[in-house]
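# Structural description and commentary
Each chain, written out:
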Amino acid sequence: MTDKRSFASTSLPRHLLRGATGFGALIGAFALLPVLGPGSLLLAPIGLLALRGCPACWAIGLVQTVSMGRLQRSCKDGVCELTVARPASHQHSESRPGDSGVPVAH
């Protein structure tokens, strides 16, 4: 998967709302079948639209949404590495000698 392809939402509450809508509509489409008949199946496309096509894609997006801003992927010479990203606002207060990559004379 490339960095440009993302299933994440802009916020966790928005993603959870999409999931509740999508899974609710899919479950409702089949659970209401005995009550409403085949007309209840009209909820299925609404559920798939809310989940952006598939429940697995929604689950991947949930993981991406939760980890957004916490993990950083970097690739160099064909080798990719996943590291914990440091918040910029706390970088100066938590930095230790040698963290910046600049050698420190002892």
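What counts, and where the lines are drawn
- Residues numbered from 1 in each chain as written.
- Predicted model: local features only at pLDDT ≥ 70, side-chain atom pairs only at ≥ 80, totals over all residues.
- Heavy atoms only, no water.
- Helix = DSSP H or I, 4+ residues; strand = E, 2+ residues; numbered from the N terminus.
- Buried < 20%, exposed > 50% of the residue type's maximum accessible area, 1.4 Å probe, protein only.
- Contact = heavy atoms within 4.5 Å.
- Areas by Shrake-Rupley, 256 points an atom, 1.4 Å probe, with all protein chains shown as cover.
- Expected span 1.5 Å × (residues − 1).
- Polar contact = N/O pair within 3.5 Å; in protein donor to acceptor, adjacent residues only side chain to side chain.

### What about the overall build of the chain?
Looking only at helices and strands, the chain has five helices and two strands in total. Ordered by position in the sequence, the α and β elements of the chain form the string α-α-α-α-β-β-α. Counting across all 106 residues of the chain, residues that qualify as buried make up 22%. Sequence separation of 24 or more characterises 48% of the internal contacts of the chain that already satisfy a separation of 6 or more. As presented, the chain carries roughly 8100 Å² of accessible surface, and 66% of it is formed by carbon and sulfur atoms.

### A short note on helix H1 (residues 12-31)
Over its 20 residues, H1 extends 28 Å from the first C-alpha to the last, a length consistent with the 28 Å expected when each residue adds 1.5 Å. Three or more residues of H1 are buried, namely His15, Arg18, Gly19, Gly22, Ala25, Leu26, Gly28 and Ala29. The elements touched by buried residues of H1 are helix H2 (33-36), helix H3 (43-50) and helix H4 (55-67). With a side-chain oxygen positioned 3.3 Å from the backbone nitrogen of arginine 14, the residue opening H1 is serine 11.

### Section: unusual backbone geometry
Backbone geometry places arginine 52, a non-glycine residue, at a positive phi of 60 degrees. Residue placement: arginine 52 occurs in the loop between H3 and H4. Given the relative accessible area of 45%, arginine 52 is considered partly exposed. In this structure, aspartate 77 takes a positive phi of about 55 degrees despite not being glycine. Among the secondary structure elements, aspartate 77 is positioned in the loop between strand E1 (71-76) and strand E2 (79-84). Since its relative accessible area comes to 77%, aspartate 77 is described here as exposed.

Remember, this is a structural readout, not a statement about activity or role.
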